[in-house]
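For reference, the chains in residue letters:
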Amino acid sequence: MTPPVLLTIAGSDSGGGAGIQADLKTFAALGAYGVSVVTAITAQNTLGVTAIHSVPVDVVAAQLDAVLDDFSVVAVKVGMIGDAAVAEMVAERVSRLPHLVVDPVLVATSGARLAGVASVAPLLAYASIVTPNRQEAAALTGSRCETAEEMVAAAVRLAAAGPRAVVVTGSELAVDVLHCDGETSVLRGTPVETTNNHGSGCTFSSAVAVRLAFGDDVPAAVIAAKKYVAGALRGGRSWRLGAGPGPLNHFA
């Protein structure tokens, strides 16, 4: 059976734990075939990001057109964009990008600033779902996003930008807030005790895209992705890869 084709538009992580590398591993683990468009090359490892090189917008466009001209893409995950011009170029092709999942990658796990709000804003209105963590939701809304109540307020505020759904992820709290079709739900899980959480946000949004491709509605896709990430965190918690926060076990 031919697998569904999923596209990731994101940055490359030389440490292999986040970005396009995490996206492609998630797609493969969940039964999809992944294709990719690289928006940035980062020099990073488990200790942090030491350099970022943005790919010129014409080269990003060429990659995207090459993929879309040959593959029947059924869902798209957008991660690190880094450049508002790239976001606008992607927005121009949005009619060819079904089940658009936008993960507004603004800050790395290490705390390194990867992009500004302007690099995400042009895509918000077109997304099937936007998946910021608490820190990214705070940056996008200009408000605190520490408690469940503040996460709910941020999700509602972000939904006003036009996406069908918003899920604000609570990361280590294992509490996520989903606002979809005017309804808000607080999704509580059991925290996984691990320092190996690098790439958890990328993995979550990619898993949501896969489940949408397989026909889940948004709430079901979010719940399935949350379960998958928890399993990947448990599967990699004994790993010792690098001196800092390590990656998840995507194939656990």
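One can find the structure itself at the top, above this paragraph.
Residues numbered from 1 in each chain as written. Predicted model: local features only at pLDDT ≥ 70, side-chain atom pairs only at ≥ 80, totals over all residues. Heavy atoms only, no water.

K.L.:
How would you explain the environment of Asp65 if you had to name every residue and give the values?
P.N.:
Following the sequence through the fold, Asp65 ends up in helix 2 (residues 57-70). On the accessibility criterion, Asp65 (24% relative accessible area) is partly exposed. Along the sequence, Asp65 and Thr147 sit 82 residues apart, while their C-alpha atoms lie 41 Å from each other. Discounting chain neighbours no more than four positions away, the residues touching Asp65 are Arg93 and Arg96. (Helix = DSSP H or I, 4+ residues; strand = E, 2+ residues; numbered from the N terminus. Buried < 20%, exposed > 50% of the residue type's maximum accessible area, 1.4 Å probe, protein only. Contact = heavy atoms within 4.5 Å.)

K.L.:
An account of the sheet that holds strand 6 (residues 129-130) is needed here, citing residue identities and associated values.
P.N.:
Read across the open sheet, the nine strands follow the order 3-2-1-4-5-6-7-8-9; overall the sheet is mixed. Looking at the sheet topology across the chains shown, the edges are occupied by strand 3 (48-54) and strand 9 (183-188). In terms of strand pairing, strand 7 (residues 165-168) meets strand 8 (residues 175-180) through four bridges, oriented antiparallel. Within strand 8, the residue paired with Val168 across the bridge is Val177. Against the sheet, helix 7 (residues 200-213) touches strand 1 (5-13), strand 4 (73-78), strand 5 (100-102), strand 6 and strand 7, its axis set at about 160 degrees to strand 4. (Pairing = 2+ DSSP bridges. Axes fitted to C-alpha atoms, helices over the stretch in contact; angles between N-to-C directions.)

K.L.:
Explain unusual backbone geometry to me, and be specific about the residues and the numbers.
P.N.:
For His99, which is not a glycine, the phi torsion comes out positive at approximately 45 degrees. If you trace the backbone, His99 turns up in the loop between helix 3 (84-92) and strand 5. For His99, a relative accessible area of 35% translates into the label partly exposed. Despite not being glycine, Asp181 has its phi angle at roughly 50 degrees, a positive value. With respect to the helices and strands, Asp181 occurs in the loop between strand 8 and strand 9.

K.L.:
Account for the side chain of Thr141, naming residues and giving values.
P.N.:
Looking at the element boundaries, Thr141 is found in helix 5 (residues 134-141). Separated by 2.8 Å, the side chain of Thr141 and the backbone oxygen of Ala137 make a polar contact. Look past the residues within four positions of Thr141 in its chain and what remains in contact with it is Ala154, Arg157 and Leu158. (Polar contact = N/O pair within 3.5 Å; in protein donor to acceptor, adjacent residues only side chain to side chain.)

K.L.:
Got a sec to walk through the side chain of Thr194? Specific residues and values, please.
P.N.:
Among the secondary structure elements, Thr194 is positioned in the loop between strand 9 and helix 7. The class of Thr194 is buried, set by a relative accessible area of 19%. Within the structure, the side chain of Thr194 is placed 2.9 Å from the backbone nitrogen of Asn196, a separation counted as a polar contact. When near neighbours in sequence (up to four residues on either side) are disregarded, Thr194 contacts Leu233 and Arg237.

K.L.:
So, the packing of helix 7 against helix 8 (residues 218-236): which residues are in play, and what are the values?
P.N.:
In a packed pair of helices, the relevant descriptors are the angle between the two axes and the axis-to-axis distance. At a minimum axis distance of 8 Å, the contact between helix 7 and helix 8 shows a crossing angle of 135 degrees. Taken together, the axes of helix 7 and helix 8 lie oblique to each other. The interaxial crossing formed by helix 7 with helix 8 has right-handed handedness. Of the residues in helix 8, those touching helix 7 at Ser200, Thr203, Phe204, Ala207, Val208, Arg211 and Leu212 are Val218, Ala221, Val222, Ala224, Ala225, Lys226, Tyr228 and Val229. When the residues that make up the contact of helix 7 with helix 8 are grouped by side-chain class, the tally is 11 nonpolar, two polar and two charged. (Parallel < 35°, antiparallel > 145°, perpendicular 65-115°, else oblique. Left-handed = near helix turned anticlockwise from the far one by under 90°. Nonpolar A, V, L, I, M, F, W, Y, C, P; charged D, E, K, R; others polar.)

K.L.:
Lay out the packing of aromatic side chains in plain terms, naming residues and giving numbers.
P.N.:
Following the criterion strictly, the structure yields one aromatic pair and no others. Consider the rings of Tyr33 and Phe71, whose centres lie 6.3 Å apart with planes at 25 degrees: the pair is stacked. You can see Tyr33 sitting in strand 2 (residues 33-45) and its partner Phe71 sitting in the loop between helix 2 and strand 4, a full 38 residues away along the chain. A relative accessible area of 43% means that Tyr33 is categorised as partly exposed. In this structure Phe71 comes out as partly exposed when scored by relative accessible area, which is 30%. (Phe/Tyr/Trp six-rings, centres within 6.5 Å; stacked < 30°, edge-to-face > 60°.)

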